[in-house]
Amino acid sequence: MDGTHLAHGRDRWGAAALLTGLLAGCGSNTPPMQTPSTPPPPSPPPTTGAWSSQFAGDDGQWTRTAHSGGHVAFGVADTRATDDAVAALVFAGAPGLPGNQRVGPGFATEIDSKRQHLYGSFRARVHLAACRPNEEVVNGFFTYFNDGSDANGNGIPDNSEIDIEILCGTPNVISLTTWTDYQAAPERFLKWTRALDLATGEYFDSPSDHEYGVVLRGRSPELVHPGFPDPDAFYEMGFDWHPARLRFFIVLDGQEVTLWDYADARYIPQRPAAWLFNVWHPDSHWFGSGGPADFPAADSEMRIDWAKYSPDPGQ
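The rules we used
Residues numbered from 1 in each chain as written. Predicted model: local features only at pLDDT ≥ 70, side-chain atom pairs only at ≥ 80, totals over all residues. Heavy atoms only, no water. pLDDT = per-residue confidence, 0-100. Contact = heavy atoms within 4.5 Å. Core = buried A, V, L, I, M, F, W, Y, C linked by side-chain atoms within 4.5 Å. Buried < 20%, exposed > 50% of the residue type's maximum accessible area, 1.4 Å probe, protein only. Salt bridge = Lys/Arg side-chain N within 4 Å of Asp/Glu carboxyl O. Helix = DSSP H or I, 4+ residues; strand = E, 2+ residues; numbered from the N terminus. Pairing = 2+ DSSP bridges. Phe/Tyr/Trp six-rings, centres within 6.5 Å; stacked < 30°, edge-to-face > 60°. Lys NZ or Arg CZ within 6 Å of the ring centre and 35° of its normal. 1 Å grid on protein atoms, 1.4 Å probe; cavity = no way out; pocket = protein on both sides within 12 Å on 5 of 7 lines; lining within 4 Å. Points joined across faces, edges and corners; volume = space filled by probe spheres on them. Nonpolar A, V, L, I, M, F, W, Y, C, P; charged D, E, K, R; others polar. Axes fitted to C-alpha atoms, helices over the stretch in contact; angles between N-to-C directions.

Novice: What is the right way to look at the confidence of the model for the protein in this model?
Specialist: Keep in mind that low pLDDT regions are not for reading the predicted coordinates in detail. This prediction gives the protein a mean pLDDT of 87; 86% of its residues lie at or above 70. In the model, residues 1-29 has pLDDT below 50 throughout and makes 141 contacts with residues more than four positions away in sequence or in other chains. Low pLDDT, under 50, characterises residues 35-39; the predicted model gives this stretch seven contacts beyond four residues in sequence or across chains.

Novice: Can you help me understand the nonpolar core in this one?
Specialist: In globular proteins that are soluble, nonpolar side chains generally tend to be buried together. Core analysis: the biggest nonpolar cluster contains 53 residues, and W275 and F277 have the highest contact counts within it. Not counting chain neighbours up to four residues away, the residues in contact with F277 comprise W62, L89, T109, E110, I111, A124, V126, G140, F141, M302, I304 and A307. One finds A108, V173, W280 and F287 within the second-largest nonpolar core, a separate group that totals seven residues.

Novice: Could you clarify how one ought to interpret the pattern of salt bridges in this entry?
Specialist: Two side chains that carry opposite charge are able to pair once their charged atoms sit near each other. The full count for this structure, using the stated rule, is 14 salt bridges. With a shortest N-O distance of 2.3 Å, E301 and R303 are connected by a salt bridge. A relative accessible area of 25% places E301 in the partly exposed class. Residue class for R303 comes out buried when judged on its relative accessible area of 17%. One network of salt bridges, with partners in common, ties together R123, E236, D240, R247 and E256.

Novice: Where do I start with the pairing of strand β17 (residues 245-252) in this structure?
Specialist: Moving residue by residue along a regular strand, the side chains alternate between the two faces of the sheet. Among the eight residues that make up β17, six are buried, leaving the element largely enclosed by the rest of the structure. Of the pairings in the sheet, the one linking strand β16 (residues 235-242) to β17 comprises six bridges and is antiparallel in character. For H242, the partnering residue across the bridge sits in β17 and is R245. The turn joining β16 and β17, which pair antiparallel and follow one another in sequence, is formed by two residues. With seven bridges joining them, β17 and strand β18 (residues 255-262) adopt antiparallel strand pairing. Opposite F249, over in β18, you have T258 as the bridge partner.

Novice: What am I meant to see in the packing of aromatic side chains here?
Specialist: To describe a pair of aromatic rings, one takes the distance between the centres and the angle between the planes. Enumeration over the complete set of coordinates arrives at 25 aromatic pairs. Relative to W62, the ring of F55 has its centre 5.7 Å away and its plane inclined at 40°; by these criteria the two rings are tilted. F55 sits in the buried class, given a relative accessible area of 1%. For W62, a relative accessible area of 3% corresponds to the buried category. Over the face of the ring belonging to W179 we find K191, whose NZ or CZ atom lies 5.9 Å from the ring centre. Over the aromatic face of W306 sits the side chain of K308, whose NZ or CZ is 4.4 Å from the ring centroid.

Novice: Is there a simple way to explain empty space enclosed by the protein in this structure?
Specialist: Rolled over the atoms, a probe with the dimensions of a water molecule shows which regions are left empty. Within the structure shown, the criterion is met by two cavities of 30 Å³ or more. Volume-wise, the largest cavity comes out at about 60 Å³. Around the largest cavity sit V126, L128, N139, G140, F141, I164, E165, I166, M237, F277 and M302, which together line it. Listed by contribution, the elements that provide at least two residues to the lining of the largest cavity are β10 (138-145) and β11 (158-167). When grouped by side-chain class, the residues that make up the lining of the largest cavity number eight nonpolar, two polar and one charged. Of the volumes computed, that of the second largest cavity is approximately 30 Å³. Lining of the second largest cavity is provided by H67, S68, G70, F91, A92, R102, F107 and F295. Class assignment of the residues belonging to the lining of the second largest cavity gives a composition of four nonpolar, three polar and one charged.

Novice: Got a minute to help me understand the sheet that holds strand β5 (residues 62-65) in this structure?
Specialist: In sheet architecture, strand pairing relies on hydrogen bonds along the backbone and comes in two forms, parallel and antiparallel. Judged by pairing direction, the sheet is antiparallel, and its nine strands sit side by side in the order β5-β8-β19-β10-β11-β12-β13-β14-β15 without closing on themselves. With one partner strand each, in any of the chains shown, β5 and β15 (215-219) form the two edges of the open sheet. The sheet shows a mean angle of 15° between the axes of neighbouring strands, taken without regard to direction. With four bridges joining them, strand β14 (residues 202-205) and β15 adopt antiparallel strand pairing. Note on β15: the bridge partner recorded for F204 is L216.

Structure, rendered in structure tokens:
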């Protein structure tokens, strides 16, 4: 969110130039979460009805992925959960491992919905993964689809992706991005990003639809929440995806706070996508002072109390 633009995909991740002094980079300011090397099989039709997961057990609605000692478990006991059970996504720590190892979403611990969705409300109650200040781990809450085709005919493969990303090193900053198109080589894309610092209320936007980095746009006093995040708390957050509007939100102190209400249909995905949660390690700090980030020595764990999808009533 701010500073440097970074490059990441499931198999690559890197850093580039600092643009501003407050933030050092932005994950969702970088290539999309997945860059397929071969087209996947045809997608199922999008979900048309509401559904939810309480994560008390494996309900068959999610695909699990974990690498390098990480793991996913459903039905983990947690008294802070609404039903005393959560899904736990554990990214395995490794004492002494260099920070440039196991970098990027290709090493993520992740769950992917088996259903695809086109428009609707995506809402979940999440406890964020934590780490030491010198380390870094990304908490990801997002939708994704890219099969290399170009349904909108603009010459760039469609990339249906909506991202919420929060780093454990600077968890007061929330990165929000909407992607419509992405091509890896030569790299071309269309997207828009907003980054918000809930400690100061400052917000940052993309300089254009085809550039990385973000620039300071202003400050909103209503976005100042210096207590966020409480390291022991679960937070309800998500987004409402409509054909011409995208609203991101979080519940703070019992009130739903709109983080970003975006209404430019040119940059709102128009293709069905799966819903995903993941945790993974970047090799540099995206915000704050920037610089290289250490690999976490201890396990970092995201917990999800519940996830709920409701279709857009207008569709």
